[in-house]
Amino acid sequence: MAGRHSAPRAKPAAGTSPLVKYGAIGLAAVVVVGAGGYFVVDTFVGGGCDSVTEYVVAADPSISPVLTEVTSAASAEDLGCRRYRIEAASGMEPLGSPGQQAGPDLWVPDSSQWVAKASSGTGTLFDVAAQSIASTPVVIAARGGDMPFFATWLTALQLSGLKIGDPLTSSVSGAPIVGALSEAAAGTIAVDAVPGALVPLAQAQAANMHQTDPSARLAAVASDGGIAIATEQQVVGQNEGDSAVRLEATAPNSGAVFLDYPVVATATGTEHDDAREAGVTLAEVMGSEAGRAALAQRGFRGPDKAPLVAGRGVGDVAVLTVSDPTETAKVLKRYAVLALPSRALVVEDVSGSMAEKAGPETRIALTVQASETGARLFPDNAQLGLWAFSIGLGGNGQDYKELAPIRRLDENVDGMSHRQRLTDAVRTLPSLVKGGTGLYDTTLAAFRKVKEGYDPAAINSVILLTDGANEDPSTISLDELLATLKREQDPARPVIIVTIGITEDADAAVLQKISAATGGTSHVARTPAEIPGVFVDAMRSRAAG
């Protein structure tokens, strides 16, 4: 994106006023001053400008058309002998890569959260010339008559099949998470409820990635139904466009997160002050009567967030914000990890003690139930395999046996999906119960198996479940196991071990050491009632912390 590298901006002739009059702009000649840079001098400028300087404005695609419309209709004189060239760019794309020579003079992202994220990531304190030139709340959209009731954003996040897009690359998609965090801070929902809601959402990210464009999400809702996340402005545009299907928009009782469209001066060096002045003028133009009218016509609210008129939009709605931006960053960082596909080998203890009663059921029966529930949490792009272990189970002194190889759940083999084969294999576990617990050799073998087929585009893990301690006298020692795991762990290709202890019989201290050696987490179900919940939590676990 070429930036402006121009001569000093000429001032309007005496007696003229920089009020927006929307006069004509004269013919222009481009004077090249170097690679990627130029300034514009009008060869015929009406109204008192000796020359006109062009400023490049990188604006979010949602607002760039109206910025072009308003600034193009204004005369150069009324813009302070300036001209604005609006270029559509999303997120932090306008900032380019480190060392990039030319960038825009001004940046208008859809949310000030991008400014905070850019500052945090680069250590640069960005100069905001105007806090907001427009606004629009992020809403929930559905076809007329299909809209459920949402008390909170948490309930929206928990909705199966929610068309949300990617919260990591879109402030629209991230707004429901920010809204839920705001609700948690206000005590409306439990503080720990948000991370839990993000697990299934993130693990369905492969589907969400195909919903990145809000306009496409709304078109899908109009044609096929469902619930989508979009902005009020986008829903208004959909309803007032060519679509024959009218969409409803709503916000939960708690309120909505607003996009605020700040103006940021991004020019550097001697050009920065001029760019900042140009940013202030741009905000004034958009705040003029003509600017407000153009914004409203396209479904935008003003910076004051006042509702749209004539029944357009969701009406008056409370504003949700997060007082601590670092908390949002922390949650989104965890989401980024959760959104990676899973590649896991589930390793289940079938030693004789698993036949003991845990309430009305045996330990192994409860484990089978929990395993089936846990497996359903994973999307089709997850890769899962299953081993069982007890002393000598695999024959020839081997304590483990493969019941299902690591494959994608949607892979079809001989007419059956791997998900179904895995479920069938889990159901055979009770028939294998016998013998002692061969924990250490099995753990190391499972770690090496996952590492052997490492997938750099996934979280690679071993999920190991046992109700006892190692009982194999011929195995390696615990110290040898821990030392080997640490030695063979490759920080660039990490494999984590998630351990699950079943009842008080499990050696929780040992399991914790095994997990910690690889950066994994350790869980214990101390009572029968806890087994299903703990197992599911462990299967969803992606990393320590």
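Residues numbered from 1 in each chain as written. Predicted model: local features only at pLDDT ≥ 70, side-chain atom pairs only at ≥ 80, totals over all residues. Heavy atoms only, no water.

It is worth spelling out the pattern of salt bridges at this point. Per the stated rule, a full pass over the model turns up 17 salt bridges. We note a salt bridge from Arg85 to Glu87, for which the minimum N-O separation is 2.2 Å. A relative accessible area of 25% means that Arg85 is categorised as partly exposed. Because the salt bridges share partners, they merge into one network encompassing Glu356, Arg363, Asp467 and Asp505. (Salt bridge = Lys/Arg side-chain N within 4 Å of Asp/Glu carboxyl O. Buried < 20%, exposed > 50% of the residue type's maximum accessible area, 1.4 Å probe, protein only.)

Further remarks concern the side chain of Glu488. For Glu488, the location among the structural elements is in helix H15 (residues 478–488). Engagement of the side chain of Glu488 in a polar contact is seen with the side chain of Arg448, the distance being 2.7 Å. Discounting chain neighbours no more than four positions away, the residues touching Glu488 are Leu444, Phe447, Arg448 and Lys451. (Helix = DSSP H or I, 4+ residues; strand = E, 2+ residues; numbered from the N terminus. Polar contact = N/O pair within 3.5 Å; in protein donor to acceptor, adjacent residues only side chain to side chain. Contact = heavy atoms within 4.5 Å.)

This next bit is on the environment of Ser431. Looking at the secondary structure, you find Ser431 in the loop between helix H13 (418–426) and helix H14 (439–452). Ser431 gets classed as exposed once you look at its relative accessible area, which sits at 61%. Along the primary structure Ser431 and Val350 are separated by 81 residues, whereas in three dimensions their C-alpha atoms are 8.9 Å apart. Polar contacts involving the side chain of Ser431 include one to the main-chain carbonyl oxygen of Thr428, which spans 2.5 Å.

Another point: the sheet that holds strand E4 (residues 82–88). With respect to topology, 5 strands assemble into an open sheet ordered E4-E3-E5-E11-E6, the strand pairing being mixed. Both outer strands of the open sheet, E4 and strand E6 (127–130), are each paired with one neighbouring strand and no more. Neighbouring strand axes in the sheet, compared pairwise and without regard to direction, differ in orientation by 30 degrees on average. Alignment of strand E5 (residues 106–108) against strand E11 (residues 263–265), held across 2 bridges, turns out to be antiparallel. (Pairing = 2+ DSSP bridges. Axes fitted to C-alpha atoms, helices over the stretch in contact; angles between N-to-C directions.)

This structure, assessed with the given rule, holds 1 disulfide. Between the sulfur atoms of Cys49 and its disulfide partner Cys81 the distance amounts to 2.1 Å. Its torsion about the S-S bond being -95 degrees, the disulfide of Cys49 and Cys81 is classed as left-handed. With Cys49 in the loop between strand E2 (37–42) and strand E3 (53–59) and Cys81 in the loop between helix H1 (64–73) and E4, this residue pair connects regions lying 32 residues apart in the sequence. A residue is classified by how much of its surface remains accessible, and Cys81, at 0% relative accessible area, is buried. (Disulfide = S-S within 2.5 Å.)

Attention now moves to the sheet that holds strand E16 (residues 400–408). One open sheet holds the 6 strands; their spatial order is E16-E15-E12-E19-E20-E21, and the pairing between them is mixed. The sheet is open, and its two edges are formed by E16 and strand E21 (522–525), each paired on a single side. Ignoring which end each strand starts from, the neighbouring axes of this sheet average 15 degrees apart. Relative to E16, strand E15 (residues 383–389) runs antiparallel, the two being bridged by 6 bridges. Residue pairing for E16: Ala388 is matched across the bridge by Lys401. Across the sheet, helix H16 (residues 508–518) lies against strand E19 (459–466), strand E20 (495–502) and E21, angled at about 165 degrees from E20, the strand it touches most.

In this section: the packing of aromatic side chains. Geometrically, a pair of aromatic rings is defined through the distance of the ring centres and the angle of the planes. Under the criterion given, the structure shown has 4 aromatic pairs. Here Tyr55 and Tyr84 contribute two aromatic rings whose centre-to-centre distance is 6.3 Å and whose plane-to-plane angle is 35 degrees, an arrangement assigned as tilted. In this pair, Tyr55 is assigned in strand E3 and Tyr84 in strand E4, connecting sequence segments 29 residues apart. An identical accessibility class is assigned to Tyr55 and Tyr84; each is buried. (Phe/Tyr/Trp six-rings, centres within 6.5 Å; stacked < 30°, edge-to-face > 60°.)

So, on to helix H8 (residues 232–239). Along H8, 7 of the 8 residues are buried, which leaves the element largely enclosed by surrounding structure. Here H8 has its buried residues at Glu232, Gln233, Gln234, Val235, Val236, Gln238 and Asn239. In the core, the buried residues of H8 are packed alongside strand E7 (136–143), helix H7 (214–224), strand E8 (228–231) and strand E9 (247–250).

Tracing the backbone through its elements, the reader meets Ile229 in strand E8. For Ile229, a relative accessible area of 0% translates into the label buried. Here the alpha-carbon distance between Ile229 and Gly165, two residues 64 residues apart in the chain, equals 7.9 Å. Excluding its chain neighbours within four sequence positions, the residues that come into contact with Ile229 are Val138, Val139, Ile140, Trp153, Leu162, Lys163, Ile164, Val172, Pro176 and Arg217.

A word on the confidence of the model for the protein. Of all residues in the protein, 86% attain a pLDDT of 70 or more, and the chain-wide mean is 85. When mean pLDDT is compared element by element in the protein, strand E10 (residues 258–259) scores highest at 98, while strand E1 (residues 28–34) scores lowest at 34. A low-confidence stretch, residues 1–46 (pLDDT under 50), is modelled with 127 contacts involving residues beyond four sequence positions or located in other chains. (pLDDT = per-residue confidence, 0-100.)

Glancing now at the packing of helix H12 (residues 363–376) against H13. Interaxial distance between H12 and H13 falls to 10 Å at its minimum, and their mutual angle equals 165 degrees. When the axis of H12 is compared with that of H13, the two are roughly antiparallel. Our pair here, H12 against H13, has a crossing hand that is right-handed. Listed contacts from H13 to Val368, Ser371, Glu372, Ala375 and Arg376 of H12 are Arg419, Thr423 and Val426. When its residues are assigned to classes, the contact of H12 with H13 shows 3 nonpolar, 2 polar and 3 charged. (Parallel < 35°, antiparallel > 145°, perpendicular 65-115°, else oblique. Left-handed = near helix turned anticlockwise from the far one by under 90°. Nonpolar A, V, L, I, M, F, W, Y, C, P; charged D, E, K, R; others polar.)

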